Amino acid sequence: MLAMDQGVVEEWLSEFKTLPDSAVSNYAASLKDKGALVPALYKVIRENYSDLLEPVCHQLFEFYRSGEPRLQRFTLQFLPELLWSLLSVSAARDPHTSGCIEALLLGIYNLEIADKDGQSKILSFTVPSLSKPSVYHEPSTIGSMALTEGALANHGLSRVVYSGPHLQRETFTAQNRFEVLTFLLLCYNAALSYMTSSSLQSLCQLSSRVCICGYPRQQLRRYKGISTRMTVTSEFLVQLITGIHYALCNGEVELGSKALDDVLYRAQLELFPEALLVGNAIKSSLHGQALKSNTKQGARSIQVEITPTSSRISRNAVTSLSIRGHRWKRHDAVDLGSPDELMEISEVDEGVWPGGAGPDMTPPTITISNSVTTASLGAKAMKKCRLGGRTSKDKDKEASLSITGRAASENTELSIKRLTLTSSQSVPKAGALSSLTRTASAVFSRSFEQVAGSNAPPSGNHTASEAGRYSCSLQEDGLGYLSPVSNHTQRSPSISVHLGSDL
Amino acid sequence: MTARKSGSRLETEIERCRSEGQWDKIPELVRQLSAKLISNDDLGELLLGECKLQTYLKENPIKQGASPRGPRPKLVEVRKHLTAALDRGNLKADYLQEASLLMAKLCYVEGEYRDALDHYSRVNLDDLQLVGAPVYRLSMIAEAYATKGLCLEKVPAASPSLSNKNRDQEIITCYEKSGDIALLYLQEVEKVCVSGIQNRSPKPGPTAQDQELGYFLETGLQRAHVIHFKNGNLTRGVGRFREILRAVETRTTQNLRMTIARQLAEILLRGMCEQSYWSPLVDPPAVSPLDDPTRQGHIHTKSYNLSRRPRVYSGENLFCPQENTEEALLLLLISESMANRDAVLSRIPEHNNDRIISLQSASVVYDLLTIALGRRGQYEMLSECLERAMKFAFEEFHLWYQLALSLMAAGKSARAVKVLKECIRLKPDDPTIPLLAVKLCIGPLHWLDEGECFAKMVIDMGEKAAEFRAKGYLAIGLVYSLKATDASLRGTQEEYQRKALGAFQRAQSLSPTDHLAAFYLALQLAVSRQIPEALGYVRQALQLQGDDVHSLHLLALLLSAQKHYHDALNIIEMALSEYPENFNLLYTKVKLETLCRGPEEALLTCKHMLQIWKSFYNLTNPSDSGRGSSLLDRAIADRRQLNAMTLPDFSDPETGSLPSPLSSPSSPSSPVFILLPAPVPPPKPPSFHPPAPSHVKAPPPGRPESNPRTLLSPGSVHATSIAASRVEQALSEVASSLQSSAPKQGPLHPWMTLAQIWLHAAEVYIGMSKPAEATACTQEAANLFPTSHNVLYMKGQVAELRGNIDEAKRWYEEALSINPTHVKTMQRLGLILHQLQRYSLSEKVLRDAVQVNSTAHDVWNSLGEVLQAQGNAAAATECFLTALELEASSPVLPFTIIPRAL
């Protein structure tokens with residue numbers, strides 16, 4: 001490290017300490033004028049043993065804690081480099097663990113998982129639905145198709161949690177490491193537009209290295225650092241891909257596409273469907289689009305062209321839209337009464353169905369999944385009918401209303417039911433047992449209050465009844481087990497039959 | 001044309017033809033018009049000029065990006081008409097303006113930009129009335145603004161007085177006005193069309209689909225945002241996109257909206273982030289990182305007003321996105337519905353091109369949907385969207401593959417495998433696809449035969465599979481290993497174990513740096529009780545991946561098999577420091593603590609587990625927190641989540657039953673085992689010889705084919721034993737993947753875990769001879785799963801502890817009626833029958849147990865006792881020897897507690 005860099009960093013370290021609170025905002029704005037500072041800080045982070053690392057990490061954390069967005073982003077831009085430093089040290093089983101980097105990352109994590117009142121922060125978003133009017137559309141003009149398909153499953157808007165709540169973490173363990181890092185990347189991705197190209201480059205490098213170290217591809221990339229394999233999780237890769245996608249579209253074409261390839265390579269080896277899914281989609285959506293590489297600093301390469309507004313599809317081609325008209329006409333052929341038209345229709349139909357592209361024949365595609373579940377449930381329900389369980393029809397209806405994040409409230413709702421049971425029935429007798437059971441009961445009743453408290457005001461009744469119903473099915477499942485016939489073999493044929501017709 | 005039309009009707013007809021662009025009818029109408037009144041001649045000239053110009057443009061459309069081509073002979077006539085109309089000056093002011101606008105347009109087409117601009121400055125476009133104007137004039141004005149913009153772009157900045165920035169601004173304003181008026185025009189023309197169709201239903205004019213925007217309107221609608229983006233002004237570009245999209249849709253704008261919606265979604269996903277986003281209904285931030293920093297000082301707000309604007313979507317409770325993913329999703333769903341509608345279904349060769357176009361536009365939308373939903377982890381919704389893409393998917397690998405992956409990510413494993421099969425057909429050379437299928441078959445589905453097929457596909461690819469070849473061997477090894485566990489016949493079991501071992505060895509030699517290969521090789525050796533060899537490989541695995549939880553767990557179990565309980569406990573504690581919430585490790589810890597430090601310590605661990613359970617499952621339930629606040633929202637969301645929960649793809653009837661991690665050999669050190677007095681049986685002649693265990697040198701004494709019934713009887717209940725083992729496996733997976741990415745497999749797992757914790761506690765209490773406490777713990781588990789065979793088994797244990805042999809027998813029989821192959825229950829029942837001196841029945845039960853699990857040393861021991869009691873000393877000795885040998889390599893918990901998955 002050059003003496004000059006060291007000087008810059010030391011100046012930066014001392015400067016902020018003496019800064020009065022009122023000057024923080026101006027200081028934050030002036031940071032970007034310090035051209036030599038950021039490269040010097042990168043050097044500090046890369047050289048793990050630098051004496052400056054600890055004060056630098058400390059100051060970066062102070063920046064983050066200040067709450068001033070520009071200072072927070074200043075810290076965030078080093079996140080990829082910090083992650084790499086942490087991961088490479090732990091992969092190399094270096095005894096000189098970079099404790100201050102761990103502390104910095106955990107510090108940012110613990111700040112971000114809580115809101116201003118110290119409550120666990122929950123990140124959620126609304127899943128839009130075409131069946132509700134929006135600033136961009138009117139449900140009636142979308143046409144019946146989209147409504148029949150989507151509306152049944154997603155009637156109305158629903159709010160979905162995509163991250164949180166998270167536990168406070170004091171240390172990194174093998175178990176929580178990627179949970180924490182994934183969340184940190186989520187924070188980084190939320191500020192992507194503010195990241196400099198050096199930060200994006202660092203992200204691409206991090207992605208490549210994490211994914212290829214220890215694999216044959218490492219030779220291909222001619223990376224000679226550590227060569228032990230690093231564990232990754234699918235979510236972590238998805239977050240990396242999100243960042244890479246941004247880099248790829250905003251100037252970092254070469255590094256970005258390399259990084260994307262490397263992540264996909266690893267996702268294939270690990271058989272991670274989530275990462276493969278998103279990575280493939282990005283690759284395919286960028287396919288054929290000439291991405292402009294970053295010729296001038298800061299240029300974002302998003303461009304659009306004037307596109308012809310008329311339909312590029314010739315009018316006599318049979319489309320989903322037109323074919324519905326045809327079929328409708330055929331049903332009402334008597335009214336139309338034109339034999340010519342009828343001929344034409346049947347010709348068109350014949351031209352289409354054997355072609356194999358006629359999923360439109362069976363009504364909405366979404367019912368494919370429903371019918372399958374019905375099939376498996378049907379068998380299940382039949383066995384259970386003497387138990388007076390719910391009918392398969394009910395289940396089917398509900399099946400269509402499935403969304404993700406489901407494991408979520410089920411548990412709470414279950415716990416309501418279950419916890420009332422346990423707390424009322426398990427009266428601890430005496431002695432050593434009571435200590436254990438009491439803990440558990442206390443544990444339960446507390447969580448019960450919590451759950452009840454959060455649920456009660458708006459829809460207490462509803463939830464209770466739901467929970468009751470659910471626990472009912474729980475017991476059914478247990479009883480259904482009595483039947484000695486394995487369901488596994490029964491079920492698969494029924495599924496394949498359905499698929500055969502639908503797909 | 002026959003009948004002459006009266007004046008006003010004629011004018012209406014002309015107006016209609018002009019707004020609908022039916023230029024071919026104009027000459028005839030003009031003939032009728034001039035026949036009526038001389039003063040109409042000028043108007044006639046105007047109309048003829050217009051219709052000839054428009055017809056020319058229709059026949060020779062200007063292409064985007066191409067420059068006009070200069071004077072054309074055909075246009076001479078047009079100029080003559082228009083000059084005539086303008087020169088005589090008899091026209092009404094409105095028509096005069098129209099003539100000037102047409103003249104300007106003609107000038108543009110001929111490349112005379114300055115002349116065109118002159119005409120525009122004479123008319124002063126901003127003075128033209130929008131309110132009350134006939135529909136066709138709206139289109140004229142829109143075109144005029146667009147043309148003016150085009151001319152301004154062509155003409156070099158002539159007057160230095162105008163600064164460049166103002167000039168740019170003027171151009172953009174021209175286009176923006178043009179676009180707004182064009183949208184208004186299209187809305188109006190559609191209104192007219194609709195009412196027209198209603199009025200004269202039998203003969204609708206050309207449908208609105210025929211209406212094409214033409215070069216000028218297209219330019220007007222789109223050029224503004226193109227310039228914004230070219231200038232690096234993302235903020236205004238996005239703003240313009242939103243304005244266009246907020247205008248109420250018309251049939252003509254559908255394609256434009258589809259394109260723009262997709263483009264805006266692209267920008268939201270590629271160029272924006274949560275922090276730089278602003279909602280469509282609020283003002284954009286004054287300074288945004290999205291804008292090119294080198295071009296400071298843009299005017300962000302719109303700088304013009306129109307007397308009439310296009311209608312926008314309005315009403316109460318309009319959904320307005322608040323986040324970039326929300327907006328992107330909304331736009332993509334709109335785009336998708338349109339793309340979907342245009343799906344070309346016919347497969348005749350003439351429509352090939354159309355099909356490709358419709359496929360391309362749809363697959364871009366689906367890719368973007370995947371990016372948006374994947375980011376937010378909404379794989380369930382994604383899989384539903386991608387199913388709608390299936391109408392495009394015939395022979396399209398990408399769509400099939402994406403659907404398969406989304407189904408997999410959404411936990412719909414069975415369907416995912418079916419779709420993966422199609423993917424394999426379309427792309428037989430890709431080893432990843434069958435491997436993904438094996439992953440599902442081994443994991444949630446437990447379709448071992450299918451898994452074997454898929455794994456063989458990978459192996460058959462040979463060298464082509466490159467790095468995936470080792471993975472293929474690993475996969476098939478796992479399939480065999482699981483089959484061995486499921487197998488009820490020892491011969492089959494041994495065969496599969498041998499095959500599994502071979503496959504793992506192959507995988508390990510192909511990929512010596514893969515810790516999984518070494519680990520599974522070690523696990524398989526451990527299951528076959530080759531403890532020292534297993535230790536060697538598990539060490540190797542740990543060298544490659546030092547903090548792998550399963551390797552650490554296996555190491556601990558191997559040490560416990562060698563009776564190094566303290567070392568094992570140390571390893572477990574070390575592993576727990578890295579994986580503090582791993583229940584599998586904790587179960588093992590309870591067992592080891594009971595042995596090393598006494599039951600009190602073990603009870604503390606049980607208590608600790610309950611605390612972890614509580615904190616873990618309480619916290620990871622985001623259920624109520626983020627949902628909409630209205631009662632209805634909540635109700636819907638509640639219902640949905642409930643439904644989702646009852647129907648995990650993985651779910652089978654068995655899910656409800658409690659898995660049995662203890663179903664395989666019980667530990668020699670189990671408190672129960674130690675506490676119970678061994679019953680002394682009276683001798684009786686043996687009926688069958690006991691079958692020999694695998695990998696134990698004691699050979700079966702004679703008559704190996706013994707009685708077909710003993711061989712068959714486990715087979716008849718084999719189905720349930722598979723079921724039980726599946727559940728067991730599923731549970732151990734969940735226990736180990738609590739923190740991991742795997743979609744939570746079902747709502748019951750937390751409760752299964754809880755029940756299991758209680759059962760472990762009960763077992764510790766039984767070991768302490770405290771029946772009351774054990775009963776209480778068992779009752780907690782029974783509250784959760786009253787019909788679990790494990791609960792019933794534990795009740796039997798307690799009854800035995802209390803000395804109620806009959807009650808215990810009843811519980812055991814109940815447990816076996818639920819899971820007829822629960823080895824530990826069989827062993828206890830065998831012992832009780834022995835005590836009751838029903839030797840042959842006892843022997844039968846124990847023999848069945850040995851068939852199910854030949855490494856259960858306590859069963860061998862009991863069998864020996866029964867045989868001894870029956871007087872078959874030789875066979876008894878064999879059994880005792882076997883038991884002794886097996887006990888020497890028996891871990892505290894079965895090795896199979898460690899999950900096996902790809």
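Residues numbered from 1 in each chain as written. Chains lettered and ligands numbered in written order. Predicted model: local features only at pLDDT ≥ 70, side-chain atom pairs only at ≥ 80, totals over all residues.

- Looking at an unreviewed UniProt entry, one finds chain B named Tetratricopeptide repeat protein 7B, with Myripristis murdjan as its source organism.
- Per UniProt, chain B has the following entry under Function (unreviewed entry): "Component of a complex required to localize phosphatidylinositol 4-kinase (PI4K) to the plasma membrane. The complex acts as a regulator of phosphatidylinositol 4-phosphate (PtdIns(4)P) synthesis. In the complex, plays a central role in bridging PI4KA to EFR3B and HYCC1, via direct interactions." (UniProt positions renumbered as here; feature names shortened; annotations may be inferred.)

- As recorded in an unreviewed UniProt entry, chain A goes by the name Hyccin PI4KA lipid kinase complex subunit 1, listed as coming from Myripristis murdjan.
- What the UniProt record of chain A gives under Sequence similarities (unreviewed entry) is the line "Belongs to the Hyccin family."

**A word on the overall build of chain B**
Here is step 1 of the chain: For chain B, the count of helices and strands is 38 helices and zero strands.
Here is step 2 of the chain: With 902 residues in all, chain B has 61% of them scored as buried.
Here is step 3 of the chain: In chain B, the proportion of contacts linking residues at least 24 apart, taken out of those at least 6 apart, comes to 66%. (Helix = DSSP H or I, 4+ residues; strand = E, 2+ residues; numbered from the N terminus. Buried ≥ 20, exposed ≤ 12 C-beta atoms within 10 Å, placed from the backbone. Contact = placed C-beta atoms within 7 Å.)

**Describing the overall build of chain A**
Here is step 1 of the chain: Helix and strand counts for chain A stand at 23 helices and two strands.
Here is step 2 of the chain: Out of the 503 residues belonging to chain A, those deemed buried represent 46%.

**As for helix α22 (residues 531-544) of chain B**
All names here are of chain B.
Here is step 1 of the chain: With 14 residues, α22 should reach 20 Å at 1.5 Å per residue; the first-to-last C-alpha distance of 20 Å fits that figure.
Here is step 2 of the chain: Within the sequence span of α22, burial applies to Ala 534, Tyr 537, Val 538, Ala 541 and Leu 542. Here the buried residues of α22 occupy an arc of 145° about the axis, which is enough to place them on one side. With respect to the buried face of α22, the exposed residues turned more than 90 degrees away are Pro 532 and Gln 543.
Here is step 3 of the chain: Contacts from the buried residues of α22 go to α21 (515-527) and α23 (549-561). (Expected span 1.5 Å × (residues − 1). Arc of directions from axis to C-beta.)

**A look at the packing of α21 of chain B against α23 of chain B**
When two helices pack together, their arrangement is given by the angle between their axes and by how far apart the axes lie.
Residue and element names in this part refer to chain B.
Here is step 1 of the chain: Relative orientation of the contacting elements α21 and α23 amounts to 25°, with a least axis distance of 10 Å. In terms of orientation, α21 and α23 fall into the roughly parallel class. Seen along the crossing, α21 lies across α23 with a hand that is left-handed. Residues His 515, Phe 519, Ala 522, Leu 523 and Ala 526 of α21 form the contact with α23, whose participating residues are His 550, Ser 551, Leu 554 and Leu 558.
Here is step 2 of the chain: For the contact of α21 with α23, a count of residues per class yields six nonpolar, three polar and no charged. (Axes fitted to C-alpha atoms, helices over the stretch in contact; angles between N-to-C directions. Parallel < 35°, antiparallel > 145°, perpendicular 65-115°, else oblique. Left-handed = near helix turned anticlockwise from the far one by under 90°. Nonpolar A, V, L, I, M, F, W, Y, C, P; charged D, E, K, R; others polar.)

**Describing the confidence of the model for chain B**
Here is step 1 of the chain: Chain-level pLDDT for chain B is 79 on average; 80% of the residues reach the 70-or-more range.
Here is step 2 of the chain: For the stretch residues 201-209 of chain B, pLDDT sits under 50, and the model shows nine contacts to residues farther than four places along the chain or on other chains. (pLDDT = per-residue confidence, 0-100.)

**Digging into unusual backbone geometry**
The phi torsion of most residues other than glycine is negative, and most of the peptide bonds are trans.
All names here are of chain B.
Here is step 1 of the chain: Residues other than glycine seldom take positive phi values, yet Glu 395 does so here, at roughly 60°.
Here is step 2 of the chain: Among the structural elements, Glu 395 can be located in the loop between α14 (379-388) and α15 (397-409).
Here is step 3 of the chain: The phi dihedral of Ala 466 falls on the positive side, at around 50°, and the residue is not glycine.
Here is step 4 of the chain: With respect to the helices and strands, Ala 466 occurs in the loop between α18 (448-460) and α19 (468-486).

**Some remarks on the packing of helix α7 (residues 99-112) of chain A against helix α10 (residues 177-190) of chain A**
Residue and element names in this part refer to chain A.
Here is step 1 of the chain: Their axes nearest at 10 Å, the elements α7 and α10 cross at an angle of 70°. As far as their axial angle goes, α10 and α7 are roughly perpendicular. Regarding α7 and α10, the two cross each other, and that crossing is left-handed. On α10, the residues touching Leu 105, Leu 106, Ile 108, Tyr 109 and Glu 112 of α7 are Val 180, Phe 183, Leu 184 and Cys 187.

**A closer look at the UniProt feature "repeat: TPR" (unreviewed entry) in chain B**
Here is step 1 of the chain: Mapped onto this numbering, the UniProt entry annotates "repeat: TPR" (unreviewed entry) at residues 397-430, 789-822 and 857-890 of chain B.
Here is step 2 of the chain: Taken end to end, residues 857-890 of chain B has its terminal C-alpha atoms 8 Å apart, with 82% of it in helix and 0% in strand.

**Observations regarding the environment of Leu 489 of chain B**
Here is step 1 of the chain: Looking at where Leu 489 of chain B falls in the secondary structure, it is placed in the loop between α19 and α20 (490-510).
Here is step 2 of the chain: Distance in space between the C-alpha atoms of Leu 489 of chain B and Val 852 of chain B is 7.3 Å, their sequence separation being 363 residues.

**Structural notes on the confidence of the model for chain A**
Here is step 1 of the chain: Mean pLDDT for chain A: 68, with 56% of residues reaching 70 or above.
Here is step 2 of the chain: Segment residues 294-299 of chain A: pLDDT under 50, and 10 contacts once partners within four positions in sequence are set aside and those in other chains are kept.

**Thoughts on the environment of Asn 861 of chain B**
Residue and element names in this part refer to chain B.
Here is step 1 of the chain: Of note, Asn 861 is situated in helix α37 (residues 857-869).
Here is step 2 of the chain: Sequence separation of Asn 861 and Leu 884 is 23 residues, and the distance between their C-alpha atoms is 8.0 Å.
Here is step 3 of the chain: Filtering out sequence-adjacent residues up to four positions away, Asn 861 remains in contact with Phe 880 and Ala 883.

**Brief notes about the environment of Ala 343 of chain B**
Here is step 1 of the chain: Here Ala 343 of chain B shows up in the loop between α12 (324-341) and α13 (352-375).
Here is step 2 of the chain: Considered as a pair, Ala 343 of chain B and Arg 355 of chain B are 12 residues apart in the sequence and their alpha carbons are 7.3 Å apart.
Here is step 3 of the chain: Those residues in contact with Ala 343 of chain B that lie beyond four places of it in its chain are Thr 319 and Ser 320 of chain A together with Ser 358, Ala 362, Lys 391 and Phe 392 of chain B.

**Comments concerning helix α14 (residues 253-270) of chain A**
Here is step 1 of the chain: Along its 18 residues, α14 of chain A runs 25 Å from first to last C-alpha, staying within 8% of the 26 Å computed at 1.5 Å per residue.
Here is step 2 of the chain: Positive backbone phi, approximately 55°, marks Leu 271 of chain A, located one or two places after α14 of chain A.

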